[in-house]
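# What the coordinates show
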Amino acid sequence: QVQLVESGGCLVQPGGSLRLSCAASVSMFRWYVMGWYRQPPGKQRELVATIGPGGNTNYADSVKGRFTISRDNGKNTIDLQMNSLKPEDTAVYYCNAQGIGGLYWGQGTQVTVSS
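Below is a short write-up of the structure. (Residues numbered from 1 in each chain as written. Predicted model: local features only at pLDDT ≥ 70, side-chain atom pairs only at ≥ 80, totals over all residues. Heavy atoms only, no water.)

## Side note on the pairing of strand 1 (residues 3-7)
Residues of strand 1 alternate between two faces, with Leu4 and Glu6 buried on one and Gln3, Val5 and Ser7 left unburied on the opposite face. Looking at chain direction, strand 1 and strand 3 (residues 18-25) are connected through 5 bridges and run antiparallel. Looking across to strand 3, one finds that leucine 4 is bridged to alanine 24. (Buried < 20%, exposed > 50% of the residue type's maximum accessible area, 1.4 Å probe, protein only. Helix = DSSP H or I, 4+ residues; strand = E, 2+ residues; numbered from the N terminus. Pairing = 2+ DSSP bridges.)

Here's what the structure looks like:
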């Protein structure tokens, strides 16, 4: 049984910063590949970033240099630090977990970047 709960989404001005968190209730959390995806209005869900069991990271080109994904294996959480936010970053952000037994998604949290 896997449950993912995102938090931290809100309205932020362009150029601002925001940190999203995902709390995972899953056994053997440290062995999962964790990630953040997002779905902008009117668009498909897209990869934002992933982080593997060993801490290796992967980022979409659109967020490289601005976003940082991290994980805390003691707290069973992943974070997404978002800096220099742009209106194009507006989306519902989803936490994702992939393990040997399946692929799981959180309910999403809304991030709106607007002045």
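After that view, the rundown keeps rolling.
## Things to note about the state of the cysteines
In total, this model carries 1 disulfide according to the counting rule given. Two residues share a disulfide in this structure: cysteine 22 and cysteine 95, whose sulfurs sit 2.0 Å from each other. Measuring the twist about the S-S bond at about -85°, one finds the cysteine 22-cysteine 95 disulfide to be left-handed. Of this pair, cysteine 22 sits in strand 3 while cysteine 95 sits in strand 9 (residues 91-99), placing them 73 residues apart in sequence. (Disulfide = S-S within 2.5 Å.)

## Here we look at the sheet that holds strand 1
The strands that make up a sheet are held in pairs by hydrogen bonds between backbone atoms, and each pair lies either parallel or antiparallel. Pairing is antiparallel in the open sheet, where 4 strands are placed in the order 1-3-8-7. Strands with a single pairing partner mark the edges of an open sheet, and in this sheet they are strand 1 and strand 7 (67-72). The average angle at which neighbouring strand axes cross in this sheet is 15°, direction not considered. Both strand 7 and strand 8 (residues 77-82) contribute to a ladder of 6 bridges, which runs antiparallel. When the bridges of strand 8 are listed, aspartate 72 appears paired with threonine 77. (Axes fitted to C-alpha atoms, helices over the stretch in contact; angles between N-to-C directions.)

## Focus: the packing of aromatic side chains
Inspection of the entire model under this criterion finds 1 aromatic pair. For the ring pair tyrosine 37 and tryptophan 105, a centre distance of 5.0 Å and an interplane angle of 75° mean the geometry is edge-to-face. Here the residue tyrosine 37 occupies a position in strand 4 (residues 33-39), and tryptophan 105 occupies one in strand 10 (residues 102-105), the gap between them amounting to 68 residues. For tryptophan 105, a relative accessible area of 33% puts it in the partly exposed group. One Lys or Arg, arginine 45, reaches over the ring of tyrosine 94 and ends 4.8 Å from the middle of that ring. Seen from the ring of tryptophan 105, arginine 45 lies directly overhead, with NZ or CZ sitting 4.1 Å from the centre. (Phe/Tyr/Trp six-rings, centres within 6.5 Å; stacked < 30°, edge-to-face > 60°. Lys NZ or Arg CZ within 6 Å of the ring centre and 35° of its normal.)

## Let's talk about the nonpolar core
Core analysis: the biggest nonpolar cluster contains 30 residues, and Met34, Trp36, Leu80, Met82 and Tyr93 have the highest contact counts within it. Of all elements in the fold, only strand 3, strand 4, strand 5 (46-51), strand 7, strand 8, strand 9 and strand 11 (109-113) reach the threshold of two or more residues within this core. When residues no more than four places from it in sequence are discounted, the contact partners of methionine 34 are Leu4, Phe29, Ala49, Thr50, Ile51, Ile69, Arg71, Ile78, Cys95, Asn96 and Ala97. (Core = buried A, V, L, I, M, F, W, Y, C linked by side-chain atoms within 4.5 Å. Contact = heavy atoms within 4.5 Å.)

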